2 protein chains.
Amino acid sequence: MIGGGQLARMAHDAGIPLGLRFKLLADTAQDSAAQVVSDVVLGDYRDLETLRAFARGCDVVTFDHEHVPTEHLRALQAEGIAVRPGPDALVNAQDKGVMRARLDSIGVPCPRHRIVSDPADVTAFAAEGKGSSSPEAGDAGGFPVVLKTVRGGYDGKGVWVVSSEAEAEAPFRAGVPVLAEEKVDFVRELAANVVRSPSGQAVAYPVVESVQKDGVCHEVTAPAPGLPADLAAEAQALALRIAGELGITGHLAVELFQTRDGRILVNELAMRPHNSGHWSIDGAVTSQFENHLRAVLDLPLGDPRPRAPWTVMVNVLGGDYPDMYAAFLHCMARDPGLRIHMYGKDVKPGRKVGHVTVFGDDLEDVRERARHAAAYLRGDITE
Amino acid sequence: MIGGGQLARMAHDAGIPLGLRFKLLADTAQDSAAQVVSDVVLGDYRDLETLRAFARGCDVVTFDHEHVPTEHLRALQAEGIAVRPGPDALVNAQDKGVMRARLDSIGVPCPRHRIVSDPADVTAFAAEGKGSSSPEAGDAGGFPVVLKTVRGGYDGKGVWVVSSEAEAEAPFRAGVPVLAEEKVDFVRELAANVVRSPSGQAVAYPVVESVQKDGVCHEVTAPAPGLPADLAAEAQALALRIAGELGITGHLAVELFQTRDGRILVNELAMRPHNSGHWSIDGAVTSQFENHLRAVLDLPLGDPRPRAPWTVMVNVLGGDYPDMYAAFLHCMARDPGLRIHMYGKDVKPGRKVGHVTVFGDDLEDVRERARHAAAYLRGDITE
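Overview of the structure. Remember, predicted model here, so these are calculated numbers, not experimental data.

A closer look at unusual backbone geometry
Argument step 1. The omega torsion across A:R84 and A:P85 is 0 degrees, close enough to zero to call that bond cis.
Argument step 2. The omega angle of the peptide bond from B:A222 to B:P223 is -10 degrees, so this bond is cis rather than trans.
Argument step 3. Tracing the chain through its elements places B:P223 in the loop between strand 10 (216-222) and helix 7 (229-245).
Argument step 4. Even without glycine at this site, A:D298 takes up a positive phi of about 55 degrees.
Argument step 5. One can find A:D298 in the loop between helix 9 (288-296) and strand 13 (310-317).
Argument step 6. The backbone of B:D214 shows a phi angle near 55 degrees, a positive value even though the residue is not glycine.

Section: the pattern of salt bridges
All names here are of chain B.
Argument step 1. The final tally for this structure, using the stated rule, is 53 salt bridges over all chains.
Argument step 2. The salt bridge involving R305 is made with D303; its shortest N-O contact spans 2.8 Å.
Argument step 3. A relative accessible area of 55% means that R305 is categorised as exposed.
Argument step 4. Judged by relative accessible area, D303 falls into the buried class, the value being 10%.
Argument step 5. Residue R334 is joined to E368 by a salt bridge in which the shortest nitrogen-to-oxygen separation is 4.0 Å. With R334 in helix 10 (residues 325-334) and E368 in helix 11 (residues 363-378), the pair connects residues that are 34 residues apart, well separated along the chain.

As for the relation of the copies chain A and chain B
Argument step 1. Mapping chain A onto chain B calls for a rotation angle of 180 degrees and an axial translation of 0.0 Å; the resulting RMSD is 0.0 Å. On the angle and the small slide along the axis, the relation comes out as a two-fold axis. Residue A:S38 of chain A places its C-alpha closer to the rotation axis than any other residue of that unit, at 1.9 Å.
Argument step 2. By residue overlap, the copies meet face to face through one surface: 100% of the interface positions of chain A are interface positions in chain B.

Re the packing of helix 4 (residues 87-94) of chain A against helix 5 (residues 96-105) of chain A
Residues and elements named next belong to chain A.
Argument step 1. Between helix 4 and helix 5, whose axes approach to 5 Å, the crossing angle comes to 110 degrees. As judged from the angle between their axes, helix 4 and helix 5 are roughly perpendicular. Residues V91, N92 and Q94 of helix 4 pack against K96, V98, M99 and R102 of helix 5.
Argument step 2. Classifying every residue of the contact of helix 4 with helix 5 gives three nonpolar, two polar and two charged.

Observations regarding the sheet that holds strand 4 (residues 145-149) of chain A
All names here are of chain A.
Argument step 1. Taken in spatial order, the four strands of this open sheet run 3-6-4-5, and their pairing is antiparallel. Only two strands of the sheet have a single neighbouring strand rather than two, namely strand 3 (113-116) and strand 5 (159-162). Between one strand axis and the next, the sheet turns by 30 degrees as a mean value, whatever way the strands run.
Argument step 2. Looking at chain direction, strand 4 and strand 5 are connected through four bridges and run antiparallel.

Procedures and definitions
- Residue indices begin from 1 for each chain and proceed along its sequence in written order.
- For this description, chains carry letters from A and ligands carry numbers from 1, given in the order in which they are written.
- Local features are withheld for residues below a pLDDT of 70 in this predicted model, meaning they are given only at 70 or higher, and side-chain atom pairs are given and counted only at 80 or more; totals for whole chains, interfaces and linings count all residues.
- As a rule here, side-chain values cover all heavy atoms of the structure and leave hydrogens and water aside.
- Strands here mean DSSP runs of E at least two residues long; helices mean DSSP runs of H or I at least four residues long; both are numbered from the N terminus.
- By definition here, a salt bridge exists when the distance from a side-chain nitrogen of Lys or Arg to a carboxyl oxygen of Asp or Glu is within 4 Å.
- Exposed residues in this analysis have more than 50% of their type's maximum accessible area, buried residues have under 20%, and partly exposed residues fall in between, with area computed by a 1.4 Å probe over protein chains only.
- Copy-to-copy superposition: least squares on the C-alpha atoms, limited to residues that have pLDDT of at least 70 in both copies.
- Contacts: residue pairs with any heavy atoms within 4.5 Å of one another.
- Axes, fitted as lines to C-alpha atoms, cover a helix only where it is in contact. Angles between the N-to-C directions of the axes lie from 0 to 180 degrees.
- Oblique is the label for every angle not falling under 35 degrees (roughly parallel), over 145 degrees (roughly antiparallel), or within 65 to 115 degrees (roughly perpendicular).
- Residues were grouped as follows: Ala, Val, Leu, Ile, Met, Phe, Trp, Tyr, Cys and Pro as nonpolar; Asp, Glu, Lys and Arg as charged; and all remaining residues, including Gly, as polar.
- A pair of strands is considered paired only if DSSP assigns at least 2 bridges between the two.

Shown next, in the form of structure tokens:
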């Protein structure tokens, strides 16, 4: 696996029972995954020679992030290395412009969007929405408009919500193409997570509700409370169709907006284990990490069904106190059913340093316990 | 953790989400746990200097087996190293003579037993049981008698069931004291697993039924089917009492005989994660491995309750075919709910190379699926 973050760490954890020999390419020995994996190579994933040397002897190469240059992946693939997901699929998670064009071509409902060339063009884009009859969008047009650099963004980075032409200047400074999207009037965000293997087997996890805070995934509830069965099935079918049409292998997270008028629109795609699937470690028969590994190795996939009526995951972000140990003890003692996942990272304000999961029969109870633990670990509350 | 077997491998897997830095003392880099742990020291656990150097910088030292010499553990402890379980407790799992004497002293029901000096003494021991009024034993006396070397046995090694004085010669050849025990007329074997922390917090897992084959744990059902609630509670209380009286920290497995007349007798003690607790990885809220680590680190313990009405674990033993890959694929494809745990070991006939676990509402279904997978992986069946 290329990338030494918490996704690789949790993937290694899931691979141990499968008897896998897990090899990691990390930036530093202090990386979250590098702390716990035996076979670690340190190197730069942007360097083709490093990638080549790393891939030698691997049955398959997969990823903890989307940042490996597409052309390097094509080079590896051309040399006979199994790269999963492959570059033709992965480019849709690397480049939002490519992704939107591809989803349009297969008729997947997205927010109204187009590549914009400068701030004046953003104003033009905003005006185009006025009186739009586009059934996918349903937007009234005008500002605010969402601007995204097509490459390099994650966790809210590379995304701007602008209310005027003057505010629209910043995104163009990076010299990367900018995608404009209508600001969708959504009720909530959902994620439809599926896993697909090279031989075409696929499984769909229950559709979850995802709550973002400051552009970062904060809380996930599985399954999404009150989601009509037909809309849940539609979201799962849509994710399975995207995985198939784009030839994705491994885990695909389809981040969705549920609109006020009961439709779903695709927000983002991620082709790797995803924060919206962390609940599955404790909450599903087979976790997203295990199924991602099974998929990229073309092993038969495991049952994605939930084990409890409700599972809630809340991210633990770093707060003002660098030492979480006392809080860690308190949370374990207060709630023996709490599932704690720490990533081995130094605490920095706002940094994802872990997550907690609680499952059970009573949604309110489960949610309160997970929220309490995450807030306590962060230091937001002290009782 | 000292010892590089599958118990250490599974403990590392359980420690990753807790954010632990896991350090391993293994015999070779090919050891089951050494394959997956990042911080591995290779060395001989019988050498005090090796142990000393290994323990440097560790918050606590714990074990994957009972074979570290007691005097070395006392030396480490005297130097201020936290050894858990400590030597005074662990000696009861290392020396069956010490264990029986200790359990007698606290009134724990055991099979009739005493140290025997030679084959003639075995015949005398057998005769002593005739007409015995011992309420713990209830044995008719006479042969067969169970003989055990007091140290060094595991998985049926170091245990003989002898039917005559002539057969009783072998155990004395090792020059180790020999313990004689009545052969208990049991209905089945049970295990009461508990975890206790240095501060005295303790949790009890549900009492499980354990089926041995050729002296090796073969199948475990959690909870033990049809076990009367009062007997289950008695077994749990007994295990908690042993853990407390003996000052055990970490996981304690109390292997029990359920007698024909509805009593329980203690067969063996193990002070580490135990085969009879492997079901808890997939079957309990908190696994025995996680709770063992929490206990030895004096962290608050996790909920030991089962997550499904029934969980069945069956060991995967090596069969005649060294390559299990095709069988591995078949089992995953046949049963997406099957939980497979492979230990990274080369397949040798009779060697424990993994285990499978199935959970669910229907005991017959769960048991059939787990048994089928284990038999298929071993190569005993091909359909």
